[in-house]
Structure formats: C-alpha cells, structure tokens
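Structural characterization, general
Listed here are the chains, written in short residue letters.
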Amino acid sequence: MSVQLLVDFGSTYTKLTAVDIEAERLIGTSKAMTTVKTDVLEGFDRALEQLRVSYPDLPEITGVSACSSAAGGLKMAAIGLVEELTVEAAKRACLGAGALVNHVFSHHLSRKEIKQLRQADIDIIMLAGGTDGGNKECILHNARKLKEANLGVPIIVAGNKDAADEIEEIFEDSPVEYFLVDNVMPKLKQLQVKDAKNIIRQIFITKIIEAKGIKRAEEKTGEIIMPTPEAVLIAAELLAKGYEDEPGFGELMIIDVGGATTDVHTIGAGYPKRSEVIFKGLQEPFAKRTVEGDLGMRYSANALLSLVSPYEFKQYYHREEAQDFETSVRRRHENVDYLPEDDAEKEFDKAMARICCDYSMSRHVGHVEVVYTPLGNMYYQTGKDLTDTQYVIGTGGVLINHDDAKDILREVNQKSNKKLELRPTNPIFLIDRKYILSAMGLLGQKYPKLALKLMKQHLE
Amino acid sequence: MKTVVIGVIGADVHAVGNKIIEHVLTEHGYNVINIGVLSSQEDFINAAIETDASAILVSSLYGHGEMDCQYMRENCEEAGLANIKLYVGGNIVVGKQDFKAVEQRFKKMGFDRVYPPGISIEDAVADLQEDLGE
C-alpha cells in the first residue's frame with residue numbers, strides 16, 4: 001500500500017492531505033498552525049500527529065510533496081515598457097507562477113522607483129520591455145539602473161531578445177544575479193510566459209524557500225516544489241482539461257476568498273463568441289490568475305471602507321438590523337482571528353465575501369465596449385469572455401465554512417447593472433469543502449488521473 | 001529591417017486594404033506590425049513604442065479620419081516618439097474635397113505624407129524608402 005502525503009505550508013496553517021494511491025481514495029486531511037518563525041517542522045509534526053490521531057489506521061507514508069505560501073508567499077515586482085503591453089505581460093507571468101505582484105513599473109525606472117523597490121519586500125524582479133527586434137533602449141536603461149541599485153534580489157530578464165547580449169554585459173561583472181529567458185511578449189500582443197514561469201519556479205525552489213526559513217522542512221517533505229497558488233492553478237487546469245480517458249469539466253473558474261486576498265483562476269481561451277466582437281489588447285493566458293490585494297476577509301478588510309460606501313454595502317447585506325459598517329470592518333482588520341458569533345455578524349461576513357466575489361469578478365472577466373460604425377454596432381472585447389464557464393468552484397475559509405457558500409458564489413454571475421462584463425451566465429457551483437485543491441495540484445504532478453478523479457469526487 | 005506600424009483608425013472596419021498594405025510592405029522587406037481595424041491612436045502609439053517602429057501608416061476609409069487623427073502628432077511626442085514618421089491615406093475626409101487643401105490640413109496636423117483616395121500602396125513604398133533611408 002502506498003500513501004502520498006501532500007503538504008501545504010500556508011501563511012496561517014500547515015495543511016496535510018493523505019491519499020491512498022492504490023485504493024484511489026482520499027484518506028483524510030489535518031492542519032496545524034504554521035510555525036515559520038521558530039521551526040517550520042513543529043507545525044508540520046503537529047499536523048501529522050493530528051492526522052495519525054484522526055486516522056489511526058493510517059499506513060506508512062511512502063511519498064511526500066509540498067508547496068508553500070508561508071512567510072508572505074512569493075512576492076515579485078514586474079517591470080516593462082508600455083503599461084498595457086510588456087508591463088501587463090510581465091505581470092501575468094508572475095501571477096501565473098503563483099506570485100503576488102505589488103510593485104509594477106513602466107517605461108524608464110526613476111530614482112524614486114528604485115528607492116521604492118529597495119524598500120519593498122520583494123523576492124524576485126521580472127524585467128521585460130520591447131518585442132523581439134523592438135525597443136531595447138528602455139530595458140537597457142532599466143538593467144543599468146538595477147545594476148547600480150544592486151538590490152540583492154534575483155532578476156529575471158524576459159524582454160527584447162536583441163538586448164540580451166548587452167544586458168549580459170551590463171550584469172556580467174556585477175554581483176547581480178540574473179536569468180535570461182524568452183521574451184514574455186515576443187510579438188506585439190502575443191503572450192509567452194512559459195519560460196518565465198519555469199524560471200520563477202526554479203528560483204522559488206532553490207532560493208526563496210531557503211531565504212524564508214522553510215528549507216528545513218525539506219528534511220521531511222522532500223523538495224517544496226512550487227508556490228501554493230501555482231498548485232491551485234495546475235489543479236484547475238487538470239480539472240478543466242481532463243486526463244486520458246477521464247474527462248474534465250471544461251471551462252471553469254476557481255475563486256478563493258482568503259483573509260488577505262481574493263484569487264480568481266479561470267481556465268479557457270475566452271475568445272469572442274460572436275462575429276461582431278473584435279478582440280483587443282494583449283493575448284489572454286489560457287490559465288489565468290488574478291489576485292486582488294484589497295479584497296480580503298481579515299488582513300485587508302479595511303480596504304473595503306474605501307471600495308464601498310455603507311449604502312452600497314446594504315445591497316450585499318441581506319438582513320434588516322443595522323450594523324455599523326465601519327466598526328464591523330475594523331473589528332475584523334484588527335483581530336484577524338475573529339470568528340463571527342451571532343447571526344448578524346455571520347451575515348456581515350457573508351456580505352463581505354459577496355463583495356469580494358463581485359468585485360474580483362469585475363476585475364478578472366473581459367469587458368465589451370460598443371463602437372458605432374457605419375456598418376452598425378460593433379464591439380471591442382478586452383479580456384476573457386467567460387459567459388460559457390461551466391463550473392465555478394469556491395475555496396478559501398469563508399466559502400468552505402459557510403453552509404450557504406453557493407449563495408455567496410452567485411455574485412459572480414452576469415448582472416443587470418454590469419451588462420458589459422463577460423461574466424458566467426449559468427454555471428454550476430461547487431465548493432472545495434475538504435480544501436484539497438492545492439494538494440490535488442501537487443498530486444497531479446505524479447498521479448494526474450487520480451488527482452482528477454479525487455477532485456471530481458470531493459468537490460460538492 | 002525597418003519596422004512600420006499599420007492599421008485602420010477609429011470606428012472603421014475596412015479590412016481588405018489593410019491586408020493588401022501588410023502584404024505589399026512585407027514584400028518590400030519591412031517588418032510590418034499590423035494592429036488591424038478599429039484601432040485607436042493609443043493602439044498605434046503603444047505598438048510603435050514596444051516595437052521601436054520608424055513609421056506609423058494610418059488608414060481610414062469611412063470619412064471620419066480627420067477627427068480620428070486630431071492631435072496624433074502631439075500624442076506621439078507626448079509618448080516619446082519624437083522622430084516617428086506619420087503617414088495617412090484613404091478617404092480621410094467627409095465628402096469630396098479639394099485634395100490640396102486636405103493635404104495641407106493633415107500636414108499642419110503633423111503628418112509627413114498624406115495620400116488621396118485611389119492611390120496604390122507602391123507609391124507610398126517609394127516615399128517610405130526615401131524617408132527611412134533604404
């Protein structure tokens with residue numbers, strides 16, 4: 001009998017999932033607080049002990065694989081030339097690799113921006129700019145600036161290939177650690193992020209894990225192979241596409257409402273569905289991830305105050321009694337472990353989750369814009385058309401623990417006041433009750449078919 | 001190899017001429033970045049920045065080109081494209097107007113070359129070769 005243990009070192013919890021490979025079943029899950037400040041293995045051992053207590057007949061574990069978003073996850077800065085083009089391409093490469101991208105710069109880096117980069121807490125910098133054969137003056141300028149600054153952060157160079165040799169000359173005799181990869185936008189509006197994503201994962205495995213003090217865990221877990229959000233994206237892609245004779249779900253979306261961010265993953269081309277719609281802008285990734293840092297249930301709860309007015313909030317809060325919007329939001333921000341006690345507070349959490357779903361959807365999906373032409377109305381589409389999304393899967397604390405999570409998820413649907421947003425029209429809603437998506441992304445590296453089967457079985 | 005950006009500006013969906021221009025310019029050894037129909041000034045400019053283009057060739061067939069091209073030179077300068085060549089051609093004004101006057105108006109707007117209806121793209125190629133020095 002062989003048992004695969006899948007480990008997710010999260011920012012709050014270290015989560016374990018045990019899978020019986022031969023019997024093709026999920027044995028169980030457990031979790032314990034992540035202990036990255038002292039010794040990350042303490043939390044792991046505690047979770048494992050708990051797993052053994054809950055499942056006393058747990059056989060010996062034969063294989064382990066792990067992902068991590070502990071110690072702040074993977075933080076990146078994206079630098080490019082034009083905001084809508086290479087900057088966006090660089091940003092998408094980072095997001096697709098499971099990173100958080102809080103710092104984004106376009107055109108020539110200034111002293112002020114270098115200072116911002118120096119002060120920021122960043123693990124890797126992605127430097128892009130210019131199509132192949134296009135502008136190289138800007139990326140060379142930025143490479144020189146970054147060399148001068150010597151930030152002690154690895155730099156991935158994913159810009160105009162014509163500038164590659166000169167960039168190598170710039171960095172060659174400096175302490176700057178750099179990696180030259182394929183251009184993220186080799187041709188205008190063409191997105192090519194595979195090479196950049198691979199190198200991000202490699203740097204994550206070899207350096208970031210160590211810098212964050214999680215390396216010790218590898219004594220027991222083997223190599224930590226990817227950031228957690230990437231594992232979720234891989235699980236989503238597997239679930240959408242299917243594997244061999246096991247069919248997938250088709251176009252789908254995973255929405256993860258967390259304490260600090262709301263992540264949206266969609267799988268599907270999202271091309272325009274009608275002939276009078278013309279696609280504009282940068283090519284969209286087939287597996288797309290966006291992260292909203294101002295939409296969260298606890299750490300970033302305060303940001304809601306500037307996003308919605310108390311009046312707007314009432315549209316999401318489906319109860320009569322008055323609840324002081326600001327006080328309730330601040331209570332959650334100040335006490336991130338807060339759990340709602342009464343019905344009103346529970347409903348308040350639901351309302352916040354509804355806002356997270358609704359707003360993150362507006363930002364993730366494509367939009368259409370009407371153009372009046374002599375040949376009649378035409379439409380521009382920017383972003384993905386997700387109207388045909390078959391399944392919307394909810395994950396993250398608030399959705400997993402709520403009985404009527406599906407009611408919250410309904411916020412992602414097409415809305416009459418947001419007609420120009422290409423939102424799902426009539427999807428089937430599922431909840432990741434056992435919190436297994438990232439684990440299945442990990443399991444899918446070796447046992448894709450089994451991971452697919454288990455997801456189909458356990459998403460309810 | 002010189003890079004040129006071509007496209008059809010504004011709410012104009014005339015795609016056939018656009019394809020012919022792409023074909024002919026490519027034949028003549030240019031790296032053609034075709035941003036297609038329904039393109040805004042911003043689309044032209046962004047494409048020119050990223051691809052380091054030497055010229056932008058704007059097409060317009062539906063009569064509203066004059067409106068669509070307003071301040072294009074200024075916008076290029078604002079975006080750092082000071083030395084870019086700007087060409088425009090097609091049915092670029094409303095109705096039938098004296099072309100000399102039209103040409104003058106567009107030149108005043110900062111366009112380097114202005115073409116009347118019915119001209120063949122080969123004529124523009126000769127101008128391109130002269131302007132870009134090839």
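Note that the coordinates shown come from a computational prediction; the quantities given were computed from them, not determined experimentally.

1. Considerations on the overall build of chain A
Scanning chain A from N- to C-terminus turns up 16 helices and 20 strands. Taken against the 2.2 N^0.38 rule, which gives 23 Å for 460 residues, the C-alpha radius of gyration of chain A at 23 Å falls within 12% of a compact globule. Projected onto its principal axes, the C-alpha positions of chain A cover 60 × 60 × 50 Å. Burial analysis of chain A (460 residues in total) assigns 49% to the buried set. Nonlocal contacts in chain A, meaning residues at least 24 apart in sequence, comprise 71% of its contacts between residues at least 6 apart.

2. Digging into the nonpolar core
Residues Met126(A) and Leu127(A) are the most contacted members of the largest nonpolar core, which totals 178 residues. A per-element tally of this core places helix α8 (residues 228-241) of chain A first, with nine residues.

3. Notes on the packing of α8(A) against helix α16 (residues 448-458) of chain A
Residues and elements named next belong to chain A. At their nearest, the axes of α8 and α16 sit 10 Å apart, and the two run at 85° to each other. On the basis of the axis angle, α8 is roughly perpendicular to α16. Here Ala235, Leu238 and Leu239 of α8 lie close against α16, whose contacting residues are Pro448, Ala451, Leu452 and Met455. In terms of residue class, the contact of α8 with α16 is built from seven nonpolar, no polar and no charged.

4. Digging into the environment of Leu57(B)
All names here are of chain B. Following the sequence through the fold, Leu57 ends up in strand β3 (residues 55-60). For Leu57, a count of 27 C-beta atoms within 10 Å corresponds to the buried category. Sequence separation of Leu57 and Leu38 is 19 residues, and the distance between their C-alpha atoms is 14 Å. If we ignore the near neighbours within four places in the chain, the residues touching Leu57 are Val4, Ile6, Ile21 and Tyr87.

5. Examining the domain arrangement of chain A
How big an interface is tends to be stated in terms of accessible area lost as the parts join. Residue and element names in this part refer to chain A. Entries for chain A in the domain assignment read domain 1 (3-71 + 212-222), domain 2 (75-206) and domain 3 (247-431). Averaged C-alpha coordinates put domain 2 and domain 3 at centres separated by 30 Å. Across the boundary between the two partners, domain 2 contributes 13 residues, which contact nine residues of domain 3. Taken together, the elements giving at least two residues each to the side of domain 2 that touches domain 3 come down to α2 (83-96) and β6 (100-105).

6. Observations regarding the packing of helix α1 (residues 16-27) of chain B against helix α6 (residues 121-132) of chain B
All names here are of chain B. Packing of α1 against α6 brings their axes to within 10 Å, and their N-to-C directions diverge by 45°. Judged on the interaxial angle alone, α6 and α1 are oblique. Relative to α6, α1 is oriented so that their crossing is right-handed. Together, Ile20, Ile21, Val24 and Leu25 of α1 and Ile121, Glu122 and Val125 of α6 make up the contact between the two elements. Here the contact of α1 with α6 is built from residues that sort into six nonpolar, no polar and one charged.

7. Examining the interface of chain A and chain B
Taken together, the contacts link 19 residues of chain A with 13 residues of chain B. Elements supplying a minimum of two residues to the side of chain A that touches chain B: α2, β17 (367-373) and β18 (376-382) of chain A. In the side of chain A that touches chain B, the residues fall into eleven nonpolar, seven polar and one charged.

8. Side note on the sheet that holds strand β15 (residues 277-280) of chain A
Residues and elements named next belong to chain A. Taken together, three strands build an open sheet; the order of strands is β15-β18-β17 and the sheet is mixed. With one partner strand each, in any of the chains shown, β15 and β17 form the two edges of the open sheet. Pairs of neighbouring strands in the sheet enclose a mean axial angle of 30°, with direction left out of account. Relative to β18, β15 runs parallel, the two being bridged by four bridges. The partner of Ile278 across the bridge, within β18, is Tyr380.

What counts and what doesn't
- Residues numbered from 1 in each chain as written.
- Chains lettered and ligands numbered in written order.
- Predicted model: local features only at pLDDT ≥ 70, side-chain atom pairs only at ≥ 80, totals over all residues.
- Helix = DSSP H or I, 4+ residues; strand = E, 2+ residues; numbered from the N terminus.
- Rg over C-alpha atoms; globule rule 2.2 N^0.38 Å.
- Buried ≥ 20, exposed ≤ 12 C-beta atoms within 10 Å, placed from the backbone.
- Contact = placed C-beta atoms within 7 Å.
- Core = buried A, V, L, I, M, F, W, Y, C linked by C-beta atoms within 7 Å.
- Axes fitted to C-alpha atoms, helices over the stretch in contact; angles between N-to-C directions.
- Parallel < 35°, antiparallel > 145°, perpendicular 65-115°, else oblique.
- Nonpolar A, V, L, I, M, F, W, Y, C, P; charged D, E, K, R; others polar.
- Domains from an automatic or database assignment.
- Left-handed = near helix turned anticlockwise from the far one by under 90°.
- Pairing = 2+ DSSP bridges.

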